[in-house]
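Examining the three-dimensional arrangement
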2 protein chains.
Amino acid sequence: MTLPPEFTLIARHFRPLAGAGGLDLADDAALLAPPTDRELVLAADAMVAGVHFLADDPPETIGRKLLRVNLSDLAAMGAEPLAYLMTVALPHGTPDTWLQGFVAGLAEDQRRYALQVLGGDTVSTPGPLTLSLTILGSVPPGAAIRRSGAQPGDDLWVSGTLGDGALGLCAIRGEIPDDGTLAARYRLPEPRLALGQALRGLATAMLDVSDGLVQDCGHLARLAGCAAAIEAAALPLSPMARAAGDAARAAALSGGDDYELLFAAHPADAPRVEAAARAADTPVTRIGRFASPGEAETFTTGPAPVMVRDEGGRDITPARGGWSHT
Amino acid sequence: MTLPPEFTLIARHFRPLAGAGGLDLADDAALLAPPTDRELVLAADAMVAGVHFLADDPPETIGRKLLRVNLSDLAAMGAEPLAYLMTVALPHGTPDTWLQGFVAGLAEDQRRYALQVLGGDTVSTPGPLTLSLTILGSVPPGAAIRRSGAQPGDDLWVSGTLGDGALGLCAIRGEIPDDGTLAARYRLPEPRLALGQALRGLATAMLDVSDGLVQDCGHLARLAGCAAAIEAAALPLSPMARAAGDAARAAALSGGDDYELLFAAHPADAPRVEAAARAADTPVTRIGRFASPGEAETFTTGPAPVMVRDEGGRDITPARGGWSHT
């Protein structure tokens, strides 16, 4: 379609981002020779201004947040990134400087993650800025780590620190103190790609924490057909999260936007998990375990398959398991 | 994220659409074993209610329109469809019946085009319904038909009839009479997949008409570095478009949303083009040609690389070459 000036601008800025497969973003579609002897891994996510990010977030971070959320889905499968396609529904009158920042941020992350953009579309909207991104990655055949597969008795592990994403939103709103690290976690999550790949053949089940720890652990437990217990005292918190006091534990249990890897592994594999984490330069923490057969009934107190316990073994599972963007 | 009832509903309806590769839409990402000895072809498009379709269009047609627009991009490359991913930003309070219709329409086209859905995302928006779709297809290596490649002296061909998409919008608005065929063309374009595939090795350049004939022909001409002339009398019009009178020619030249294939072929290949069209059960019409070397200067009268001529050879190129959704 004939594009108003801001769209011509974004097209002009997007074009240099395109690799050879993107056909300079000038054809009807892009061509990609699939990597040989690999399975493709694909995911798509959308974000809306005011719902999944703040309309006045720095433009440099907005496209990258969606890219990293998608990269986190690849990490959770143990996949390596390959390429992406992105569509942008832009509000009328979006200033040129905003677009320049938006594209500069994406360019930086394309370099960081060795990604090429294969195509996309820019349209106009009378509503809020709305982004959609499809990511492509690859794994050796059969090596993808699925959500199902946890075994009774497996340990439950998590990467990095929990709660920072949700606390970051509070910090940006001025509700809690922040040296900038919490806000950065909300705006630019860190996809744990190296760790995800290092856990192939080792993690029995994995996902990335985007809905909140308790809810996401519930997905793993339900798919495994068994209950899980999380030890609250073991939850890894960042120094800035600890400074937030009581809010930190709630955010760690139920906050969204952390994009850390949550995974199950056989207890005997704990040394191998720790070695994989060191190799990937990513901290991991054992935060609980899945019930062994026969133990499940005493493991949870209600219909939820996940119990959170304090140091005294008391059930402190939050009433509401997840956190909703909507 | 925790989804309000309408999102749970759409997830429940989407899930049966998913093939094995979609992992039942329950994992972080989908797995796809790429077809052997093929190149992948990928495109992404977005649509916004009130911009690219009418908010009160039947829900059965809305998702399918975006799917077909993307399939048309595959057709324009000579590719065969494989799978898609879709994200949906839904306004609050979208009724269940609307969602049921939306998903039923997609299910019908998945069957029609033998497509599987590999994944997607449903989010909430305070703005208009916004859809984004990434399509995957494949071609034998090197067989994709590109936009560049037209040669001086090539014939210019188009499939089907022109102008119906733009006239369909006028008809829906009650501005012109319609027996339903024009409205159907606006709401459900027909991707010319069989023709696109039949033209591999035959069309020297191809795209689908989405911006308007003159503007899209300009893309082919510019990439070929030569001018093109379109014979207005040769433009294929549907019976219902002819009934619209003068508006029909304007719509055929500058209307959008036709999604017919516009392609170049060597004049000696005209019989083979016609045979390919018969095999694909899709009518084609020769509507002009690209200038031969030395002829270009007399071929166009201005800076535009495309001239439209009437029966007397007079230049009747419309002042505005394209049609904008924005």
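Residues numbered from 1 in each chain as written. Chains lettered and ligands numbered in written order. Predicted model: local features only at pLDDT ≥ 70, side-chain atom pairs only at ≥ 80, totals over all residues. Heavy atoms only, no water.

**Topic: the sheet that holds strand 8 (residues 228-231) of chain A**
Residues and elements named next belong to chain A. Pairing in this open sheet of 6 strands is mixed, and the strands run 7-9-6-10-8-11 from one edge to the other. Only two strands of the sheet have a single partner each, and these edge strands are strand 7 (205-208) and strand 11 (306-309). Between one strand axis and the next, the sheet turns through 25° on average, direction left out of account. Two strands pair when backbone bridges link them, and strand 6 (residues 155-159) and strand 9 (residues 261-265) are joined in this way by 4 bridges, in the antiparallel orientation. Residue pairing across strands places tryptophan 157 opposite phenylalanine 263, the latter belonging to strand 9. Against the sheet, helix 7 (residues 213-224) engages strand 6, strand 7, strand 8, strand 9, strand 10 (284-290) and strand 11, with an angle of about 150° to strand 7. (Pairing = 2+ DSSP bridges. Helix = DSSP H or I, 4+ residues; strand = E, 2+ residues; numbered from the N terminus. Axes fitted to C-alpha atoms, helices over the stretch in contact; angles between N-to-C directions. Contact = heavy atoms within 4.5 Å.)

**Focus: the environment of aspartate 28 of chain A**
Inspection of the secondary structure puts aspartate 28 of chain A in the loop between helix 1 (5-14) and strand 1 (30-32). By relative accessible area, which is 7% here, aspartate 28 of chain A ends up buried. Sequence spacing of aspartate 28 of chain A and phenylalanine 290 of chain A is 262 residues, and the spatial spacing of their C-alpha atoms is 49 Å. Not counting the four nearest positions on each side in its chain, aspartate 28 of chain A is found in contact with Ala43, Asp73, Ala76, Met77, Arg147, Met206, Leu207 and Asp208 of chain B. Among the polar contacts made by the side chain of aspartate 28 of chain A, one reaches the side chain of arginine 147 of chain B at a distance of 3.0 Å. (Buried < 20%, exposed > 50% of the residue type's maximum accessible area, 1.4 Å probe, protein only. Polar contact = N/O pair within 3.5 Å; in protein donor to acceptor, adjacent residues only side chain to side chain.)

**What about the interface of chain A and chain B?**
Each side of the interface is counted separately: chain A has 58 residues, and chain B has 58 residues. Of the roughly 4800 Å² buried at the junction of chain A and chain B (both faces included), carbon and sulfur atoms supply 60%. Taken together, chain A and chain B are joined by 4 salt bridges. With its nearest N and O atoms 3.0 Å apart, the salt bridge here joins arginine 147 of chain A to aspartate 28 of chain B. When contributions to the side of chain A that touches chain B are tallied by element, the ones reaching two or more residues are strand 1, strand 2 (39-48), helix 2 (59-76), strand 3 (80-91), strand 4 (116-125), strand 5 (130-139) and strand 7 of chain A. Here the side of chain A that touches chain B gets 9 residues from one element, more than from any other, and that element is strand 2 of chain A. Split into classes, the residues belonging to the side of chain A that touches chain B amount to 32 nonpolar, 15 polar and 11 charged. Sheet topology note: the strand 1 of chain A/strand 2 (residues 39-48) of chain B ladder contains 3 bridges and is antiparallel. Paired with leucine 31 of chain A across the bridge in strand 2 of chain B is valine 41 of chain B. (Buried area = accessible area lost by both parts, 1.4 Å probe. Salt bridge = Lys/Arg side-chain N within 4 Å of Asp/Glu carboxyl O. Nonpolar A, V, L, I, M, F, W, Y, C, P; charged D, E, K, R; others polar.)

**Re the relation of the copies chain A and chain B**
In the superposition of chain A on chain B (RMSD 0.0 Å, axial shift 0.0 Å), the rotation amounts to 180°. Taken together, the rotation and translation describe the operation of a two-fold axis. Judged by C-alpha distance, glycine 127 of chain A is the residue of chain A that lies nearest the rotation axis, at 2.2 Å. Interface overlap between copies: 100% of the residues of chain A at the interface are likewise at the interface in chain B, consistent with a symmetric, same-surface contact. (Least-squares fit on C-alpha atoms with pLDDT ≥ 70 in both.)

**Observations regarding the side chain of serine 159 of chain B**
All names here are of chain B. Tracing the backbone through its elements, the reader meets serine 159 in strand 6 (residues 155-159). One polar contact links the side chain of serine 159 to the main-chain amide nitrogen of leucine 261, over a distance of 2.8 Å. Once you skip the residues sitting within four places of it in the chain, serine 159 turns out to touch Arg192, Leu195, Glu260, Leu261, Thr282, Pro283 and Val284.

**As for the sheet that holds strand 1 of chain A**
Read from one edge to the other, the open sheet built from 5 strands follows the order 1(A)-2(B)-5(B)-3(B)-4(B), with strand pairing classed as mixed. Each edge of the open sheet is held by one strand with a lone partner, namely strand 1 of chain A together with strand 4 (116-125) of chain B. Taken pair by pair, the neighbouring strands of this sheet meet at an average axis angle of 20°, ignoring direction. Its contacts with the sheet put helix 2 (residues 59-76) of chain B on strand 2, strand 3 (80-91) and strand 5 (130-139) of chain B, and the angle it makes with strand 5 of chain B is roughly 35°.

**Remarks on the pattern of salt bridges**
All names here are of chain A. Here the structure, examined in full by the defined rule, presents 38 salt bridges over all chains. Between aspartate 109 and arginine 68 there is a salt bridge, with the nearest N and O atoms lying 2.7 Å from each other. Taken together, the residues aspartate 109 in helix 3 (residues 96-112) and arginine 68 in helix 2 connect sequence positions 41 residues apart. Its relative accessible area of 0% is what places aspartate 109 among the buried residues.

**What to know about unusual backbone geometry**
Most peptide bonds take the trans form, and the phi angle of most residues other than glycine is negative. Positive phi, normally seen in glycine, also occurs at aspartate 281 of chain A, with a value near 55°. Following the sequence through the fold, aspartate 281 of chain A ends up in the loop between helix 10 (270-279) and strand 10. Classification of aspartate 281 of chain A by relative accessible area gives exposed; the value is 70%. The phi dihedral of aspartate 37 of chain B falls on the positive side, at around 55°, and the residue is not glycine.

**Notes on the state of the cysteines**
Using the criterion set out here, one finds 0 disulfides over all chains in the structure. For cysteine 217 of chain B, which is in no disulfide, the shortest distance to another cysteine sulfur is to cysteine 226 of chain B and amounts to 9.2 Å. (Disulfide = S-S within 2.5 Å.)

**Details of the confidence of the model for chain A**
Residue and element names in this part refer to chain A. Summing up the model confidence of chain A, the mean pLDDT is 89 and the portion of residues at 70 or higher is 87%. Between residues 321-326, whose pLDDT stays under 50, and residues either more than four places distant or in other chains, the model counts 27 contacts. Predicted complex metrics record ipTM = 0.90 and pTM = 0.91. (pLDDT = per-residue confidence, 0-100.)

**A closer look at the side chain of serine 132 of chain B**
Summarising the element assignment, serine 132 of chain B is placed in strand 5. Overall, the relative accessible area of 5% leaves serine 132 of chain B in the buried class. Here serine 132 of chain B is in contact with Thr87 and Ser132 of chain A together with Asp45, Ala46, Leu66, Leu85, Met86 and Thr87 of chain B, once residues within four sequence places are set aside.

**Looking at the environment of leucine 129 of chain A**
All names here are of chain A. Along the chain, leucine 129 falls in the loop between strand 4 and strand 5. Given a relative accessible area of 7%, leucine 129 falls into the buried group. In this structure, the C-alpha to C-alpha distance between leucine 129 and valine 41, residues 88 residues apart in sequence, is 27 Å.

**Points about the packing of aromatic side chains**
We describe a pair of aromatic rings using the distance from one ring centre to the other and the angle between the two ring planes. Residue and element names in this part refer to chain A. Applying the stated criterion across every chain, the model contains 4 aromatic pairs over all chains. Look at tryptophan 98 and phenylalanine 102: their rings are 5.1 Å apart centre to centre, the planes differ by 15°, and that puts the pair in the stacked class. Taken as a pair, tryptophan 98 and phenylalanine 102 lie in helix 3 at a separation of 4 residues, close to a single helical turn. Taken as a pair, tryptophan 98 and phenylalanine 102 share a single burial class, namely buried. (Phe/Tyr/Trp six-rings, centres within 6.5 Å; stacked < 30°, edge-to-face > 60°.)

**Some words on helix 7 (residues 213-224) of chain B**
Residue and element names in this part refer to chain B. Over its 12 residues, helix 7 runs 16 Å from end to end, which matches the ideal 16 Å to within 8%, given 1.5 Å per residue. Along helix 7, the positions that sit buried rather than exposed are Leu213, Val214, Gln215, Asp216, Cys217, Gly218, Leu220 and Ala221. Two residues or fewer past helix 7, glycine 225 is found with a positive phi of approximately 70°. (Expected span 1.5 Å × (residues − 1).)

**Focus: the packing of helix 2 of chain A against helix 3 of chain A**
Packed helix pairs are characterised by how far apart their axes lie and by the angle those axes make with each other. Residue and element names in this part refer to chain A. Contact geometry of helix 2 with helix 3 gives a least axis separation of 6 Å together with a crossing angle of 40°. Classed by the angle they form, the pair helix 2 and helix 3 counts as oblique. Where helix 2 crosses over helix 3, the handedness of that crossing is right-handed. Across from Pro59, Glu60, Ile62, Gly63, Arg64, Leu67 and Arg68 in helix 2, the residues of helix 3 making contact are Trp98, Gly101, Phe102, Gly105, Leu106, Glu108, Asp109 and Arg112. Split by residue class, the contact of helix 2 with helix 3 holds 6 nonpolar, 3 polar and 6 charged. (Parallel < 35°, antiparallel > 145°, perpendicular 65-115°, else oblique. Left-handed = near helix turned anticlockwise from the far one by under 90°.)

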